[in-house]
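Examination of the molecular architecture
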Amino acid sequence: MLIDSHCHLDFADFDAERDELVSRAHAAGVSQMVTISTRVKKLDTLLALTERYPSVFCSVGTHPNNAGEELDITADDLVRLAQSHEKIVAIGEAGLDYFYDTQTPADQQTGFRRHIEAARRTELPLVIHSRSADEDMAQILTEETGKGAFPFILHCFSAGQVLADAGVALGGYISFSGILTFPKSEELRAIAKTVPMDRLLVETDAPYLAPKRWRGKRNEPSYVVNTAEVLAAVKGVSYEEMAEITTANAFRCFSKMTRI
């Protein structure tokens, strides 16, 4: 049993075969999936998916590359929406992305801090996107935790050891995607080796970043198996043990998510 802790089932890449995709995930042992919000204003689409598929849950939030589009959405709005439906189990994804630089750092940071407030108030995990922003990310997480702890996930982790250590020290989870399986990801695998077992999650970030076994193909939730296999090898445990560990961690992290 595995949980794909981060995918985007609402994306158009899956329109032609969404039913088959969910069935393949189940057949591969992926029992539940969390489809992650990138725009609050598209929440209805995500909720429709959670109602169509019992094994699918969702979040509510604004991706940092869309931050400027939704600065009218307050922390109060996020809290209200998160509490409006039983299958909304997380806040985000929000954070900082200085690689693409499509939104100003100021707008990204404003949106990010609002999402942090919502996570703190709801006690739902904040799904954090961080790219080329390690220093600012660590600083904001440290500052905001000082105002009151909140649960969070550093999703699709591909940053450095310093941010990984800061995330763990502040009580966060580290989620690894197919990037972990890439031949040139030796440094990332070394970081994964240092993350405590009770802070590990696996994800696909589908339709992006298919793991090595399916490199070059559109990613999908069933492919999280390959990431879990590689993570197990890195940590020196069996695949079955890693599946059990990451599943237990997912239910602890997504405390509102029910077992199907």
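Overview of the structure. (Residues numbered from 1 in each chain as written. Predicted model: local features only at pLDDT ≥ 70, side-chain atom pairs only at ≥ 80, totals over all residues. Heavy atoms only, no water.)

1. Let's talk about the packing of aromatic side chains
Put simply, the rule is: What counts as a ring pair is set by centres within 6.5 Å for rings of Phe, Tyr and Trp (its six-membered ring), and what kind of pair is set by the plane angle: stacked under 30 degrees, edge-to-face over 60, tilted for all other angles. Under the scheme used here, helices are H or I runs from DSSP no shorter than 4 residues and strands are E runs no shorter than 2 residues, and both carry numbers assigned from the N terminus. In this scheme, a residue with accessible area under 20% of its type's maximum is buried, one over 50% is exposed, and one in between is partly exposed, where area comes from a 1.4 Å probe on protein chains only. Only lysine NZ and arginine CZ atoms are considered, and such an atom sits over a ring when it is within 6 Å of the ring centre and within 35 degrees of the ring normal.
Following the criterion strictly, the structure yields 5 aromatic pairs and no others. Taken together, a centroid distance of 6.1 Å and an interplanar angle of 70 degrees make the contact between Phe11 and Tyr208 edge-to-face. Of this pair, Phe11 sits in the loop between strand E1 (2-7) and helix H1 (18-27) while Tyr208 is found in the loop between strand E8 (200-202) and helix H8 (224-235), placing the two residues 197 residues apart along the sequence. Centroid distance Trp214 to Tyr223: 4.0 Å. Interplanar angle 5 degrees. Geometry classified as stacked. The exposure class of Trp214 is buried, given its relative accessible area of 18%. Its guanidinium or amino end placed over the ring of Phe57, Lys87 lies 4.5 Å from that ring's centre, counting from NZ or CZ. The ring of Phe182 carries Arg215 above its face, with NZ or CZ at 3.6 Å from the centroid.

2. Here's the deal with the packing of helix H4 (residues 105-122) against helix H5 (residues 134-147)
Rules: Orientation is described by lines fitted to C-alpha atoms, with helices fitted over the stretch in contact, and by angles between N-to-C directions that extend from 0 to 180 degrees. In this scheme the handedness of a crossing depends on how the near helix is turned from the far one: anticlockwise by less than a right angle means left-handed, clockwise means right-handed. Any two residues having at least one pair of non-hydrogen atoms within 4.5 Å are treated as being in contact. When residue character is reported, Ala, Val, Leu, Ile, Met, Phe, Trp, Tyr, Cys and Pro are called nonpolar, Asp, Glu, Lys and Arg charged, and the others, Gly included, polar.
Between H4 and H5, the least distance of the axes is 11 Å, while the angle of their chain directions is 35 degrees. In the packing of H4 onto H5, the handedness of the crossing is right-handed. Contact with H4, carried on its side by Gln109, Phe112, Arg113, Ile116 and Arg120, involves Asp136, Met137, Ile140, Leu141, Glu143, Glu144 and Lys147 of H5 and no other residues of that element. For the contact of H4 with H5, the per-class residue count stands at 5 nonpolar, 1 polar and 6 charged.

3. Some words on the nonpolar core
Keep this limit in mind: Here, the term nonpolar core denotes a set of buried Ala, Val, Leu, Ile, Met, Phe, Trp, Tyr and Cys residues that are joined through side-chain atoms within 4.5 Å.
With 70 residues, the main nonpolar core has Phe112, Leu126, Phe157 and Phe176 as its most contacted residues. No other element matches the 7 residues that H8 contributes to this core. When residues no more than four places from it in sequence are discounted, the contact partners of Phe157 are Leu163, Ala164, Ile174, Ser175, Phe176, Leu188 and Ile191. Grouped together as the second largest cluster of nonpolar side chains are 15 residues, Val34, Val89, Val127 and Cys253 included.

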